[in-house]
Amino acid sequence: MRILLVASAFNSLAQRLHAELRDRAHSVAVEVTPRGDDVRDAVVRHSPDLVLAPMLRAVVPRDVWESRACLIVHPGPVGDRGPSSLDWAILEGAEEWGVTVLQAEEEMDAGPVWATARVRLPRVGKSDLYRNELADAAVDAALTAVERFASGTYTPLDQRTLAPAPGARTRPPMRQAARRIVWADDAVETVLRKLRAADSQPGVLDELLGAEWFLHGGHAEPLLRGRPGELLATRAGAVCRATRDGAVWIPELRARTGPGEPRACKLPATLALAGRLPALPELPAPVPSPDGAGDGEPGWSDIRYDERGPVGVLSFSFPGGAMSTDRCRRLLAAYRAACDRPTTALVLGGARDFFSNGIHLGVIEAAPDPAAESWANINAMDDLVEAVLTTGDRLVAAAVGGNAAAGGVMLALAADEVWCRSGSVLNPHYRRMGLYGSEYWTYSLPRRVGTAAAERITREALPFSAARARETGLVDRVVDCAPDRFTDEVVRLAGRWASSPAAPARLAAKKAEIERREAVTPLAAVRARELDRMRRIFFDPEAPYHALRRAFARKQPAPAPGPSPVR
């Protein structure tokens, strides 16, 4: 079928549906727009058999939904209506929710139902849920609805004949008044629900150190205590703030700006508070025991290392998958420490949600000299990727539990094998940010998919489903499991890998291959060629990268990226 995807942003769910529908041989066009009138124009241009809206804030015009089928993917169960469905479910502590694919009609979210799916809600942030459990359910429901529509025999169900799910009802948009944290009264669990329900947008508006900020993300702290609202410590760019009965870590802040002012960038909390932050202790990350048992009640950290027999697991989870210069350097230090351990295999990644999206465009945009910070960040990424590429004394598996893009995909490709969760989406390209790219991609990508395919992938700049990535050679194994099972699954696979009789021969072959590579294609030469292109882009004030980065970091309309920097 000819399917038109319409969305207010080409977000993770829209990308995944685009990839999954193309995998099933549908012809898929995409219209990204904040306006309903643009949907009408897109329908005229593409003349689709079906319009599918996975994330649309605008109202579909009446003449569009009267003339052809328009299906809306609503992140709530039957009977739930309103634009803040998932926010309310998280804030109210729902343990189970749903997704409904319904037909567009005059009344919002009230049309006939084409498909539904249930969603379990673990205690994680809204954006994590949206990209994982909810996306899994939404894709299942949307594909079912598409199949039913294509059959020509299915009649959607009138909502008035269906029993609403528990807790489902019509609710208004969630405003900041409902999200407000009362530090003197709210317990840790209440604070976490409010923070999770606002992650990553819109954040929780709060006052801190004499200014207004949107708080993004939240993690419980098991030990620290203080006066409610007081800042207690820092760790890995986050600040720890006391509640009535405990404390929470807040990784990121965004300054509130006035009318007409550019939107501020979302930044690591300590960077956002630079110049305001009082002297606070910087606490090291909690150290797990070598047998993987942990210390009973571990505190939050964005980088963790565990050992389970012959397998080391270096997991990391950075908000938005963004890896700033500091995050790259800290992860590199942790990687080197992991390589000092007596293990046979090392799992890099394995956490749920984002693997990596490459350099941190927000930190770069907010820097006094964005070009210089871009240069520092890409070199720090290259240092990390080089360390993985040159690891010759153990087998390394990149475990991609969530989405990955740009330099994050190339970081994964540096490993001996790439294991990807079935719900992940990969974007192995840089063009949409006006970049040529580095992270040794001109070596790693052709090595896996061939020169012609590498050229096509980076030129077309389309998202890959996990299944398609496996067929193409980008990944070696697709792990079909729920998001919260991924870590255990990859550790189990790595244990079998490390104890396999073939492991010693595989390791010997790896060492020999590293020596051959350096004789034929020295990594230093690969890096120099890539960075020469990147330097010219970074330090050219007219390069499209700067306007594209600014639009991305400040949530402004993006200009066209122009021709691909890939030659």
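Residues numbered from 1 in each chain as written. Predicted model: local features only at pLDDT ≥ 70, side-chain atom pairs only at ≥ 80, totals over all residues. Heavy atoms only, no water.

(A) Examining the confidence of the model for the protein chain more closely. With 97% of its residues at a pLDDT of at least 70, the protein chain reaches an overall mean of 94. Here residues 563-567 is a poorly scored stretch, pLDDT under 50, and it has 13 contacts once near neighbours within four places are set aside; other chains count. (pLDDT = per-residue confidence, 0-100. Contact = heavy atoms within 4.5 Å.)

(B) Representation of the layout of surface pockets. Quantified by volume, the second largest pocket comes out at close to 330 Å³. Those elements giving two or more residues to the lining of the second largest pocket turn out to be helix 1 (12-23), strand 6 (113-120), helix 6 (133-151) and helix 16 (466-472). Considering every element that reaches the lining of the second largest pocket, the biggest residue donor is helix 6, with seven residues. Grouping the amino acids of the lining of the second largest pocket by side-chain chemistry returns nine nonpolar, two polar and 10 charged. (1 Å grid on protein atoms, 1.4 Å probe; cavity = no way out; pocket = protein on both sides within 12 Å on 5 of 7 lines; lining within 4 Å. Points joined across faces, edges and corners; volume = space filled by probe spheres on them. Helix = DSSP H or I, 4+ residues; strand = E, 2+ residues; numbered from the N terminus. Nonpolar A, V, L, I, M, F, W, Y, C, P; charged D, E, K, R; others polar.)

(C) Examining the environment of Asp37 more closely. Relative to the helices and strands, Asp37 is located in helix 2 (residues 36-46). Exposure remark for Asp37: the relative accessible area of 41% places this residue in the partly exposed category. Residues Asp37 and Ala135, spaced 98 residues apart in sequence, show a C-alpha to C-alpha distance of 27 Å. (Buried < 20%, exposed > 50% of the residue type's maximum accessible area, 1.4 Å probe, protein only.)

(D) How the structure looks around empty space enclosed by the protein. Enumeration according to the criterion identifies two cavities of 30 Å³ or more in this entry. When its volume is computed, the largest cavity comes out at roughly 70 Å³. Forming the boundary of the largest cavity are Ala89, Ile90, Gly93, Ala94, Leu121, Pro122, Arg123, Val124, Leu129, Arg193 and Arg196. The set of elements that each furnish at least two residues to the lining of the largest cavity consists of helix 4 (85-91) and helix 8 (188-196). Here the lining of the largest cavity is built from residues that sort into seven nonpolar, one polar and three charged. The calculated volume of the second largest cavity comes to roughly 40 Å³. If you go around the second largest cavity, the residues you meet are Ala236, Gly237, Ala238, Pro251, Trp300, Asp302, Pro319 and Arg327. Residue composition of the lining of the second largest cavity, by class: five nonpolar, one polar and two charged.

(E) Representation of the packing of helix 12 (residues 370-389) against helix 19 (residues 523-538) within the structure. At a minimum axis separation of 11 Å, helix 12 and helix 19 run at an interaxial angle of 160°. Between helix 12 and helix 19, the angle is such that the two are roughly antiparallel. Considering the relative orientation of helix 12 and helix 19, their crossing is right-handed. Residues Ala371, Ser374, Trp375, Ile378, Asn379, Asp382, Asp383, Glu386 and Leu389 of helix 12 touch helix 19, and the partners they reach there are Leu523, Arg527, Leu531, Met534, Arg535 and Phe538. Broken down by class, the residue content of the contact of helix 12 with helix 19 amounts to eight nonpolar, two polar and five charged. (Axes fitted to C-alpha atoms, helices over the stretch in contact; angles between N-to-C directions. Parallel < 35°, antiparallel > 145°, perpendicular 65-115°, else oblique. Left-handed = near helix turned anticlockwise from the far one by under 90°.)

(F) Local environment of the pairing of strand 12 (residues 247-250). Burial along strand 12 is two-sided: the residues Ala247 and Trp249 and Val248 and Ile250 are all buried. As paired elements, strand 11 (residues 238-242) and strand 12 share four bridges and run antiparallel to each other. When the sheet's bridge partners are listed, Cys240 is paired in strand 12 with Trp249. (Pairing = 2+ DSSP bridges.)

(G) Molecular detail of the packing of aromatic side chains. If you walk through the whole model with that rule in mind, you get 10 aromatic pairs. On the numbers, 5.8 Å between centres and 40° between planes, the contact of Trp114 with Tyr154 is tilted. One end of the pair, Trp114, is in strand 6; the other, Tyr154, is in the loop between helix 6 and helix 7 (176-179), and 40 residues separate them in sequence. On the basis of relative accessibility, which here comes to 6%, the residue Trp114 falls in the buried class. Between Tyr430 and Trp441, the aromatic rings sit 6.3 Å apart at their centres with planes inclined by 45°, giving tilted as the arrangement. Linking Tyr430 in the loop between strand 21 (425-427) and helix 14 (441-449) with Trp441 in helix 14, this pair joins segments that are 11 residues apart in sequence. The exposure class assigned to Tyr430 is buried, which follows from its relative accessible area of 8%. These aromatic residues form a ring-pair network of at least three members: Trp114, Phe149 and Tyr154. When the ring centre of Phe214 is taken as reference, the NZ or CZ atom of Arg254 above it lies at 4.2 Å. (Phe/Tyr/Trp six-rings, centres within 6.5 Å; stacked < 30°, edge-to-face > 60°. Lys NZ or Arg CZ within 6 Å of the ring centre and 35° of its normal.)

(H) Local environment of the sheet that holds strand 12. Pairing in this open sheet of four strands is antiparallel, and the strands run 9-12-11-10 from one edge to the other. With partners counted over all chains shown, the strands left at the sheet margins are strand 9 (219-221) and strand 10 (231-235), one partner each. On average, each strand axis in the sheet is inclined to that of its neighbour by 30°, with strand direction left out of account. Helix 8 contacts strand 9 and strand 12 of the sheet and is inclined by roughly 20° relative to strand 12.

(I) View of the pairing of strand 10. Within strand 10, five of the five residues are buried, leaving the element largely enclosed by the surrounding structure. In terms of strand pairing, strand 10 meets strand 11 through four bridges, oriented antiparallel. The partner of Arg235 across the bridge, within strand 11, is Ala238. The antiparallel pairing of strand 10 with strand 11 creates a hairpin that spans two residues between the two strands, and Ala236 there sits at a positive phi of about 50°.

(J) The arrangement of the state of the cysteines in detail. By the definition in use, this model includes zero disulfides. Free cysteine Cys481: the closest other cysteine sulfur is in Cys420, separated by 10 Å. On the accessibility criterion, Cys481 (13% relative accessible area) is buried. (Disulfide = S-S within 2.5 Å.)

(K) Expanded view of helix 17 (residues 486-499). With 14 residues, helix 17 ought to run about 20 Å at 1.5 Å a step, and its terminal C-alpha atoms sit 20 Å apart, in line with that. For helix 17, every residue scored as buried is listed here: Phe486, Glu489, Val490, Val491, Leu493, Ala494, Trp497 and Ala498. (Expected span 1.5 Å × (residues − 1).)

(L) Structural context of the sheet that holds strand 21. Ordered by their spatial adjacency, three strands build an open sheet running 19-21-22, and the pairing between neighbours is mixed. Edge positions in the sheet fall to strand 19 (404-405) and strand 22 (464-465), since each of these pairs with one other strand and no more. Looking at chain direction, strand 19 and strand 21 are connected through two bridges and run parallel. Looking at the pairing, Ala405 lines up with Asn427 of strand 21.

(M) Here's a closer look at the nonpolar core. Grouped together as the largest cluster of nonpolar side chains are 68 residues, with contacts concentrated most on Leu314, Tyr335, Leu411, Leu435 and Tyr545. With eight residues, the top contributor of residues to this core is helix 12. Apart from the residues within four sequence positions on either side, Tyr335 is in contact with Leu314, Leu346, Leu348, Ala387, Val388, Thr391 and Val396. Of all hydrophobic cores here, the second largest spans 40 residues; its members include Leu5, Val73, Val101 and Ala117. (Core = buried A, V, L, I, M, F, W, Y, C linked by side-chain atoms within 4.5 Å.)

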